[in-house]
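Spelled out from the first residue to the last, the chains are:
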Amino acid sequence: MTDNNKLPLILEPEALESILTAEDNASVKQRLMIIDLGNPQLYQQAHVPGAINVQPHRLVAGTQPAHGKLPALSQLESLFSELGFTGDEHFIVYDDEGGGWAGRFIWTLDVIGHRKYSYLNGGIHAWLKEGHPRESRPNGRASTDVSLTIDDRVIASCDFILEALTSPEFTIWDARSPEEYFGEKVMAQKAGHIPGAINFEWTRAMDPEKNYRIKEGLVAELDALGIKRDQQIITHCQAHHRSGFTYLVAKALGFKSVRAYDGSWSEWGNLPHTPVVQ
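Residues numbered from 1 in each chain as written. Predicted model: local features only at pLDDT ≥ 70, side-chain atom pairs only at ≥ 80, totals over all residues. Heavy atoms only, no water.

Trainee: I'd like to hear about unusual backbone geometry, residue by residue, with values.
Mentor: A negative phi angle characterises most non-glycine residues, just as the trans form characterises most peptide bonds. In the segment running from glutamine 64 into proline 65, the intervening peptide bond is cis, with an omega of 0°. By secondary structure assignment, the location of proline 65 is in the loop between β3 (52–53) and α4 (73–82). With phi around 50°, histidine 240 is a residue other than glycine that occupies positive phi space. With respect to the helices and strands, the residue histidine 240 is situated in the loop between β10 (232–236) and α10 (242–252). Assessed through its relative accessible area of 0%, histidine 240 is described here as buried. (Helix = DSSP H or I, 4+ residues; strand = E, 2+ residues; numbered from the N terminus. Buried < 20%, exposed > 50% of the residue type's maximum accessible area, 1.4 Å probe, protein only.)

What follows is the structure, encoded as structure tokens:
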């Protein structure tokens, strides 16, 4: 592997180690930006060499009731300025929970129109349990002046979903728990799910037996439920955290197109005019 622009979307730990330890690809390593979205205490103990820790709250607006919505453009520009973003980087993204926040970060990269990224399959669990190199010293880069624009083709707003409900081209992938989906667990003023949404909880897409890598055989499993690759997918959860992972999975599986509803149930379930099914 000599060109980081050709790194796969799903990057195995052994492949990343070979890149980091190879002596003949200094230019590739210089263009890599490794992002750790895990617990800062774990980061201080052990992380992928060169990784920069980013706290997930930087990726969300944080205002109630829909605290998971996309932050203001100025907030995103501040984050990427601190990261030293130039637009030439290839991001390697991982977390410590199976891919939720890593997927959210990848969605954020799509939102700002940056398409060069990979997900470290299994995250820090796979990296540490399988004996790959680690370090404990923090990393950072010199800040840059950043001006971003928003690509709304990967964002599904409430109004967008209301229009999509009548279109057979769209499928809504609800990444919440069955209890939330069926309205048994109430997380907003209204309980239940968006009409027509199909429930496939995010954790079902990861394999704990393989250190939380993306599970094999998902295409057939999702297809049997009605989440099909020739459909345009809109995925959501409560605050577009868990659905960060399902967004990533849908991209990795080659779905026709994928959008995320960043308002998610915390917005939909608190609006007076949105239809709900239990």
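Now, onward.
Trainee: I'd love a proper account of helix α5 (residues 100–111), names of residues and values included.
Mentor: In this model α5 runs 16 Å from its N-terminal to its C-terminal C-alpha over twelve residues, within 8% of the 16 Å that 1.5 Å per residue would give. Of all the twelve residues making up α5, twelve are buried; the element is thus mostly covered by neighbouring parts of the structure. Those residues of α5 that fall on the buried side of the exposure criterion are Gly100, Trp101, Ala102, Gly103, Arg104, Phe105, Ile106, Trp107, Thr108, Leu109, Asp110 and Val111. Those residues of α5 hidden inside the fold are in contact with β2 (32–36), α4, β4 (90–94), β5 (117–120), α10 and β11 (257–260). Looking one or two residues past α5, glycine 113 carries a phi angle of roughly 80°, positive in sign. (Expected span 1.5 Å × (residues − 1). Contact = heavy atoms within 4.5 Å.)

Trainee: Account for the packing of aromatic side chains, naming residues and giving values.
Mentor: Summed over all chains, the structure comprises ten aromatic pairs. Relative to phenylalanine 91, the ring of phenylalanine 80 has its centre 6.4 Å away and its plane inclined at 80°; by these criteria the two rings are edge-to-face. Of this pair, phenylalanine 80 sits in helix α4 while phenylalanine 91 sits in strand β4, placing them eleven residues apart in sequence. Per residue, the accessibility class of phenylalanine 80 equals that of phenylalanine 91, and both read buried. The side chain of arginine 176 reaches across the aromatic face of tryptophan 265, ending 4.5 Å from its centre. (Phe/Tyr/Trp six-rings, centres within 6.5 Å; stacked < 30°, edge-to-face > 60°. Lys NZ or Arg CZ within 6 Å of the ring centre and 35° of its normal.)

Trainee: A description of the sheet that holds β11 should follow, citing residues and the corresponding values.
Mentor: Pairing is parallel across the open sheet formed by four strands, whose spatial order is β7-β6-β10-β11. Two strands lie at the open edges of the sheet, namely β7 (198–199) and β11, each paired on one side alone. Sheet topology places β10 next to β11; four bridges connect them, and they run parallel. When the sheet's bridge partners are listed, glutamine 232 is paired in β11 with serine 257. (Pairing = 2+ DSSP bridges.)

In short, shape yes, function no, at least from these values alone.
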